[in-house]
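Understanding the architecture of this molecule
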2 protein chains.
Amino acid sequence: MTVLTRTLALAQLRASHARVRMYSSETTVKAMVYSEYGKPSEVLRMVEFPLPKLQSDTVHVRFLASPINPADVNQVQGAYPIKPAFEDLGPVKAAVGGNEGVAEVIATGDSVKDLKVGDRVVMAKTGYGTWRSHAAGPAQDFQLLPKNDKVSVIQQATLTVNPCTAYRMLKDFVKPEQGNYIIQNGANSAVGQAVIQIARAWGLKSINVVRNRPELNKLKDELTQLGATHVVTDEELGSHAMRSQMKEWFAGNPPLLGLNCVGGKSATEMARYLGHNGHYVTYGAMARAPLSLPASMLIFKNITFHGFWMSRWADVHSKQERYAMFEDLFQLMQRDQLGEPRWTPVEFNEAAMKHAVDAGISGYASGKQIVRF
Amino acid sequence: MTVLTRTLALAQLRASHARVRMYSSETTVKAMVYSEYGKPSEVLRMVEFPLPKLQSDTVHVRFLASPINPADVNQVQGAYPIKPAFEDLGPVKAAVGGNEGVAEVIATGDSVKDLKVGDRVVMAKTGYGTWRSHAAGPAQDFQLLPKNDKVSVIQQATLTVNPCTAYRMLKDFVKPEQGNYIIQNGANSAVGQAVIQIARAWGLKSINVVRNRPELNKLKDELTQLGATHVVTDEELGSHAMRSQMKEWFAGNPPLLGLNCVGGKSATEMARYLGHNGHYVTYGAMARAPLSLPASMLIFKNITFHGFWMSRWADVHSKQERYAMFEDLFQLMQRDQLGEPRWTPVEFNEAAMKHAVDAGISGYASGKQIVRF
C-alpha cells in the first residue's frame, strides 16, 4: 500500500462508516486494477480486498475466464471512450481492468429473481472490470447466458465482443441474398474469423482481404478451412487483374456489405467493390489512417458508410435482444459452425498479467490471451 | 448540315420509312444538341427538325424556361453518370442538352388522361433534354406541376434539382427537433440557399459554412437575410475559438444533420461538429478532394455518412411522392419562404448558349443562367 492509497483508505474510513461495514465478507477478491491512466505495465497492479457482503438485491459471482482484448489495454491507457470510474474498492480507489469475461453466480440476495446459483453470466455493460476473481453487485449488472453444455468456457468468455460484433454487422445493415458475397478486410482478426464462419452458416459467400505476409498460403488455407470463399491481399485490391477476377466471382451480383477494421488506402479500394446502394461498416482502424471517400461513391453509387461499436449496441438494446443473439450464436457453436478462437492461457498474477498486456500491445501474443481464475 | 450528318440522315431515310413519316408535323423544334462527348462549346450545336406527329398516347409540349446547371455541362463532357442515348432526331442522331426545365402542354393524344392542354410539366426523369423549344413524347415522360399562380416560371424551371435536393436532405435522413441546428457548407450555392430557407420555414436553425472571400460581410448579410442563423468561413472551422463559439450556440444540442457539397479538409472539420448518432449527407464535391473520415467518428460517435443524388431519388420514387414534394415547395414559395434563385437570362441561339455554357464552366456566371424560349 502506498502512502497515497493508505491516506485515501483512511479518509474513506472516516467519511463513511456504513460503507466500510460492507467490506466484511469472508471471500477475498483478487483484482488487477489501475488508479490512473498510463502505460499499462506501470499503472496496473494486483490488489486484494474482501468481497462486499451480500445484499438483498445483489449477487456474488466468481469469474471463470476473461480475455485481454486490445480495447482493454486502450482503456488503461485512457485512450478509449469508455472510462470506468475509479471506485472505492476497499483498500484503493481504482478501476478493475478488462471488459469481457464469463462468471458463475455463487450467491444471490433474497429479492434477486432473474439469477440463481450456478448460472453463467456476462457483464451487462462495457466498463465493468472483469480481471478479478470475484465480484459483488446488483443483479442487473450481470446478464444470464443461455445454458448450453456444448459451448466451452472459452467460447463463453469471448462471446460478447467479437462473435457479437460479427453477428450484428452481418445482420443489421443490409440483408444480402443467399449465395451473394460480402467483403471484409482484417479477415484474420478475431471478428474477421467470426464473420467468415457466420457468413458461411447463413449461406453467404465472403471475399476476405488480409495483409500480404511471408506465410500467406498457410493463412489462406486456415481461413478457407473456416469457410472463406476467397482470400486476397490488400496489395492485390487495386490491380486490374483483381478487378476482372472479382467481376467473374460476383457474376453480376457485387457485394452490398463491406466490413472494415483497417482504414487507409486499401479500405477505400475495398469500398470500390461494393455494388450500388451498398453498406460499408467500419468497426476498427488497424492501419491508424483515416478512410478516404471519393464523393462519387457516396453520391452516384449511394454507398452508406456506417460505424459499428458493440458497446454502444449493448447500451441501447434490451437484455432480451442480447439474449436472443447469444442463443443464435450458441446454436452456431453447438453445430460447430462457429469455433473457439485461437487462444493462449494467462495466469492470474501480477507478473503474468503485465507480461500478457505488453504482449497484447506489441501484437505478438499467439492467439487471444485468456485469464483463467 | 455536315457531310456526316447528311449521310446519317440519308441512311435513316433508307432504314425506316415508317420512322421518317413521324417527322412531319408542322411545328419546327429548335434544340441544342451534341452527337459526341467533348468540350461543350465545340460539340454543342443548334439543330432544327419537325416536331413528331401527335400519337394517341403522346403529348406535345413547348418549353418556357430551362436552366443551365453544372451537371448539364458535365453530361455534355461525358463526365456524368447519366449518359443520354444519342437518338434519331430527324436530321441527326444526337442527345438534347439540359436536364431541368418547365414546359407547357400544347396538344395531347386521344388516350392521354393525366395531362391536358395548358398544364405545366417538368421532366419525369433526368436525361430528358430540356434545351429545346418543343418536345413530343409519351405522357409518362412528363410530370404535372401543381397549379399555383404565385409560383413564377423561373421557380418552376429551377424546381426539380436544387429546392428538391434541399427538401429531401432536410427530411429524409433525420428529423431534427424544432429549434435545433443543422450545419452545411457551400451555403451560398443554390442548394445551400434553399436549405437555409426551408430550414427556417421548418423551425430549424442553421450554421452555414462558406469560403472566405473579399466581400465576406456582404455575403453574410445576404445569407442572414435569407434566414441563416450563423455564417462562418471554412477557415474558421478548425479553430479553438470557433469550437467554443459553436458549443455556446448549440447549448448542449449539437446538430444531427450535416450537408456537404464541398469535400476535402474543411468537410471533415464540419463533420466534427455533429453530435452522436448524427447523419452527414454528401451531395457535391466542389473542392474536388475526397472526404477523409477518422474511424472514431464512425465507430464511437456513430455518425453515418450518406450520399444524396436527386436523380436517383426521382428514379426510385413515384410521381405521387414527387408531386407531394412539389406541393410542399410551392406552398413555401407562395408564402415567400422560398424565393427565386438569383438568375440571369440566356437567349436561345447557338452563340448565346455556347457562351453561357462556358460561363457555367468557369463559374463566373452571375446567378443561375436560364434559357427563355
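Look up a bit, the structure's there.
First, a word on scope: everything that follows refers to the structure included in this document. Predicted, not measured: the structure shown is a model, and the values here were computed from it.

**Quick look at the overall build of chain A**
The number of helices and strands found in chain A is 14 helices and 18 strands. Whereas a compact globule of 373 residues would reach a radius of gyration of roughly 21 Å, chain A reaches 22 Å, a difference of no more than 12%. Dimensions of chain A, computed from the C-alpha atoms along their principal axes, are close to 75 × 40 × 40 Å. In chain A, buried positions account for 53% of the 373 residues. Restricting the contact set of chain A to residue pairs at least 6 apart, pairs at least 24 apart contribute 72%. Total accessible area on chain A is roughly 16800 Å²; 51% of this is exposed by carbon and sulfur atoms. Between the mean site of the 41 positive side-chain charges and the mean site of the 34 negative ones, chain A shows a separation of 3 Å.

**Concerning the pattern of salt bridges**
All names here are of chain A. Counting across every chain of the model gives 20 salt bridges over all chains. Where Lys116 meets Asp119, a salt bridge forms, and the shortest distance between an N and an O atom there is 3.4 Å. Given the relative accessible area of 51%, Lys116 is considered exposed. A single salt-bridge network, built from bridges that share partners, covers Lys116, Asp119 and Lys147.

**Overview of unusual backbone geometry**
Note: most peptide bonds trans; most residues except glycine with negative phi. All names here are of chain B. Unusually for a residue other than glycine, Ala251 sits at a positive phi of about 50°. Relative to the helices and strands, Ala251 is located in the loop between α9 (240-250) and β13 (257-260). For Asp336, which is not glycine, the phi dihedral falls at a positive 60°. Assignment of secondary structure puts Asp336 in the loop between α13 (319-334) and β17 (343-347).

**Description of the interface of chain B and chain A**
Many authors give the size of an interface as the accessible area that is lost as the parts come together. Taken together, the contact between chain B and chain A spans 25 residues of the former and 25 residues of the latter. For the pair chain B and chain A, the summed buried area comes to about 2000 Å², and 66% of that belongs to carbon and sulfur atoms. Considering only the surface of chain B that becomes buried against chain A, Leu298(B), Ile299(B) and Phe300(B) emerge as the three largest contributors, covering 28% of it. Where chain B meets chain A, there are seven residue pairs in polar contact (both at pLDDT 80 or more). Counting only elements with at least two residues in the side of chain B that touches chain A, the list comes to β15 (291-293), α11 (295-299) and β16 (304-307) of chain B. When its residues are assigned to classes, the side of chain B that touches chain A shows 16 nonpolar, eight polar and one charged. Looking at chain direction, strand β15 (residues 291-293) of chain A and β15(B) are connected through three bridges and run antiparallel. Residue pairing across strands places Leu293(A) opposite Leu291(B), the latter belonging to β15(B).

**Brief notes about the relation of the copies chain B and chain A**
Rotating chain B by 180° and translating it 0.0 Å along the rotation axis places it on chain A, where the RMSD comes to 0.0 Å. What the superposition gives is, in effect, a two-fold axis relating one chain to the other. When C-alpha distances to the rotation axis are compared across chain B, the minimum falls at Ser292(B), with a value of 2.1 Å. When the interface residues of chain B are mapped onto chain A, 100% of them again fall at the interface, so both copies present the same face.

**Describing the side chain of Gln197(A)**
Residues and elements named next belong to chain A. Along the chain, the position of Gln197 falls in helix α7 (residues 190-201). The class of Gln197 is buried, set by a relative accessible area of 8%. At 2.7 Å, the side chain of Gln197 forms a polar contact with the backbone nitrogen of Gly339. Once residues lying within four places of it in the same chain are set aside, the contact partners of Gln197 are Leu226, Gln337, Leu338 and Gly339.

**Examining the packing of aromatic side chains**
Residues and elements named next belong to chain B. Per the counting criterion, the structure on display carries 26 aromatic pairs over all chains. Centroid distance Phe173 to Phe308: 6.3 Å. Interplanar angle 90°. Geometry classified as edge-to-face. Linking Phe173 in the loop between α6 (162-172) and β10 (181-184) with Phe308 in the loop between β16 and α12 (310-316), this pair joins segments that are 135 residues apart in sequence. There is no split in this pair, since Phe173 and Phe308 are both buried. Summarising the aromatic geometry, the rings of Phe348 and Phe373 are spaced 4.7 Å apart at their centres and angled 70° between planes, so their arrangement reads as edge-to-face. Here Phe348, found in the loop between β17 and α14 (350-362), pairs with Phe373, found in the segment after β18 (368-372); they are 25 residues apart in sequence, far enough to count as distant. Here Phe373 falls in the partly exposed class, since its relative accessible area comes to 34%.

**Focus: the sheet that holds strand β4 (residues 87-88) of chain A**
All names here are of chain A. Spatially, the four strands line up as an open sheet ordered β2-β1-β5-β4, and their pairing is antiparallel. Of all the strands in the sheet, the pair left with one neighbour each is β2 (45-50) and β4. Two strands pair when backbone bridges link them, and strand β1 (residues 28-34) and strand β5 (residues 93-96) are joined in this way by two bridges, in the antiparallel orientation. The residue of β5 that forms the bridge with Tyr34 is Ala95.

**As for the pairing of strand β11 (residues 205-210) of chain B**
Residues and elements named next belong to chain B. Taking burial as the measure, the six residues of β11 include five buried ones, the bulk of the element. Where β10 lies against β11, four bridges are found, and the strand directions are parallel. Residue Gln184 lies in a different strand from β11, and its bridge partner there is Asn208. With respect to chirality, the unit in which β10 leads through helix α7 (residues 190-201) into the neighbouring parallel β11 is right-handed. Across four bridges, the pairing between β11 and strand β12 (residues 230-233) is parallel. Within β12, the position partnered with Val210 by the bridge is Thr233.

Parameters at a glance
Numbering of residues begins from 1 in every chain and follows the order in which that chain's sequence is written. A letter from A marks each chain and a number from 1 marks each ligand, given out in the order of writing. A pLDDT threshold of at least 70 governs which residues receive local features in this predicted model, and a stricter bar of 80 or more applies before side-chain atom pairs are shown or counted, although totals over entire chains, interfaces and linings include all residues. With hydrogens and water set aside, each side-chain value is computed from the structure's full complement of heavy atoms. Strands here mean DSSP runs of E at least two residues long; helices mean DSSP runs of H or I at least four residues long; both are numbered from the N terminus. Each radius of gyration is computed over the set of C-alpha atoms, and the globule rule expresses the reference value as 2.2 Å times the number of residues to the power 0.38. Burial classes: relative accessible area under 20% of the type maximum marks a residue as buried, over 50% as exposed, and values in between as partly exposed (1.4 Å probe, protein chains only). Only heavy atoms matter for contacts: two residues are in contact if any of them lie within 4.5 Å across the pair. Each accessible area value is a Shrake-Rupley result obtained with a 1.4 Å probe; residue values ignore everything except the protein chains displayed when judging cover. Positive charges are assigned to Lys and Arg, negative charges to Asp and Glu, while His and the chain termini are left out of the count. Taken as the charge centre is NZ of Lys, CZ of Arg, CG of Asp or CD of Glu, depending on the residue. Put simply, a salt bridge is a Lys or Arg side-chain nitrogen that is within 4 Å of an Asp or Glu carboxyl oxygen. Values labelled buried area give the accessible surface lost by two parts on being combined, using a 1.4 Å probe and summing over both. Side-chain atoms alone can form a polar contact between residues adjacent in sequence; in general such a contact is a pair of N or O atoms within 3.5 Å, and within protein one must be able to donate a hydrogen while the other accepts it. The residue classification treats Ala, Val, Leu, Ile, Met, Phe, Trp, Tyr, Cys and Pro as nonpolar and Asp, Glu, Lys and Arg as charged. All others, Gly included, are polar. Two strands make a pair as long as DSSP finds a minimum of two bridges between them. When the copies are overlaid, the least-squares fit takes in C-alpha atoms only where the residue has pLDDT of at least 70 in both copies. Between 30 and 60 degrees the pair is tilted, below 30 it is stacked and above 60 it is edge-to-face, where a pair is any two Phe, Tyr or Trp rings, Trp via its six-membered ring, whose centres lie within 6.5 Å. Place the viewer so that the strands point away; then a crossover is right-handed whenever the path from the first strand over the helix to the second strand goes clockwise.

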